[in-house]
Amino acid sequence: MKKNILSRILLVLLAILMVAALAACADVDKTGDWETASYVRDTEFGKGAKTVTVKVIADGQELTFTLHTDKENLEDALVEHNLIDGDEGQFGLYIKKVNGIVADYDTDKTYWAITKNGEDTSGAKSTLIADGDQYELTKTVSPW
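Along every chain, residues carry numbers that run from 1 in the direction the sequence is written. Predicted model: local features are reported for residues with pLDDT of at least 70 only, side-chain atom pairs are reported and counted for 80 or more only, and whole-chain, interface and lining totals are derived from all residues. Remark: hydrogens and water are excluded; side-chain values derive from all non-hydrogen atoms of the structure.

Chemist: Could you clarify how one ought to interpret the environment of aspartate 104 in this entry?
Modeler: Elements are defined by DSSP. Helices are runs of H or I of four residues or more, strands are runs of E of two residues or more, and each kind is numbered from the N terminus. Examined against the element boundaries, aspartate 104 turns out to sit in the loop between β6 (101-102) and α3 (105-108). Each residue gets one of three labels from its accessible area relative to the maximum for its type: buried under 20%, exposed over 50%, partly exposed in between, using a 1.4 Å probe on protein chains only. Residue aspartate 104 is classed as buried on the basis of its relative accessible area of 13%. The spatial distance from the C-alpha of aspartate 104 to the C-alpha of valine 141 is 9.7 Å, given a sequence separation of 37 residues. Whether two residues are in contact is decided by their heavy atoms, any of which lying within 4.5 Å being enough. Excluding anything up to four places from it in sequence, aspartate 104 contacts Lys96, Lys109 and Thr110. Distance and chemistry together define a polar contact, namely a pair of N or O atoms within 3.5 Å, with one atom able to donate a hydrogen and the other to accept it when in protein, and with adjacent residues in sequence counting only for side-chain atoms on both sides. For aspartate 104, the side chain forms a polar contact with the main-chain nitrogen of aspartate 106, separated by 3.1 Å.

Put into structure tokens, the structure is as follows:
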């Protein structure tokens, strides 16, 4: 009788652990802007000497990429891992896609705002990276 109760308790605990593990794996719901996302879980890339984190924020959800890179600037580090895409311009890439999520000012007045360690940047190409830096790419609606 005690073995039977103990077995049932163990089964319930195992089921709870499985549900918790599955919930921990899904960082964002693949809804809204995230329907087109390449990654929906925190992911780690590369083998370089510098380690930086890049948080992608869109549609009320976020996830973080950890990049190990030897690249000098943020644009090159993100392109290295196919995390951004856009149109080439005189100041570097005009980012229209981050992690497969589109922000296109010409169609819906949205753009990708980039911060480094909490401070605004002037663009991914001109943003030099150092080990330990933290970046946020936030899909933003223009007030204009």
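Moving on, there is more to tell.
Chemist: Before we go on, may I ask you to explain the sheet that holds β6 in this structure?
Modeler: Sheets are built from strands that pair by backbone hydrogen bonding, the pairs being arranged parallel or antiparallel. When DSSP locates at least two bridges between a pair of strands, those strands are taken to pair. If you walk across this open sheet you meet the 3 strands as β4-β5-β6, and the pairing is antiparallel. With partners counted over all chains shown, the strands left at the sheet margins are β4 (84-89) and β6, one partner each. Inspection of the sheet shows β4 paired to strand β5 (residues 92-98) by 6 bridges, in the antiparallel sense. Its bridge partner being in β5, glutamate 88 is matched across the sheet by leucine 93.

Chemist: Honestly, the nonpolar core in this entry has me stumped. Any pointers?
Modeler: Working definition of a nonpolar core: buried Ala, Val, Leu, Ile, Met, Phe, Trp, Tyr and Cys residues. They are joined through side-chain atoms within 4.5 Å. Ranked by size, the top nonpolar core spans 28 residues in total, and within it Leu67, Trp112 and Leu137 carry the most contacts. Taken together, the elements giving at least two residues each to this core come down to β2 (50-58), β3 (61-69), α2 (74-80), β5, β7 (110-116) and β9 (134-141). If one sorts the elements of this core by residue count, β2 sits on top with 4 residues. Beyond its immediate chain neighbours, meaning those up to four positions away, leucine 67 contacts Phe45, Lys50, Thr51, Val52, Val54, Ala77, Leu78, His81 and Leu83.

Chemist: How do you make sense of the pattern of salt bridges when you look at a structure like this?
Modeler: Opposite charge on two side chains permits them to pair, given that their charged atoms come into close proximity. We count a salt bridge whenever a side-chain nitrogen from Lys or Arg sits within 4 Å of a carboxyl oxygen from Asp or Glu. Throughout the structure, instances matching the rule amount to 8 salt bridges. The partner of aspartate 104 in a salt bridge is lysine 96, with the nearest N and O atoms 3.8 Å apart. On the basis of relative accessibility, which here comes to 17%, the residue lysine 96 falls in the buried class. Look at the salt bridges and you will find they share partners, linking Glu75, Asp76 and Lys125 into a network.

Chemist: Quick question: what am I supposed to make of the layout of surface pockets here?
Modeler: To find the voids left in a structure, one rolls a probe of water-molecule size over its atoms. Each cavity reported here is a set of points on a 1 Å grid over the protein atoms alone in which a 1.4 Å probe fits but cannot get out, each pocket an open set with protein on both sides within 12 Å along at least five of seven lines, and each lining residue one with an atom within 4 Å of a point. Grid points are joined across faces, edges and corners, and a volume is the space filled by probe spheres set on the points. Estimates place the volume of the largest pocket at around 340 Å³. Together, 17 residues line the largest pocket, and Leu93, Tyr94, Ile95, Ser122 and Gly123 are the ones closest to its centre. Listed by contribution, the elements that provide at least two residues to the lining of the largest pocket are β5 and β7. Under the scheme applied, nonpolar residues are Ala, Val, Leu, Ile, Met, Phe, Trp, Tyr, Cys and Pro; charged residues are Asp, Glu, Lys and Arg; polar residues are all the others, including Gly. Class assignment for the residues of the lining of the largest pocket results in 9 nonpolar, 6 polar and 2 charged.

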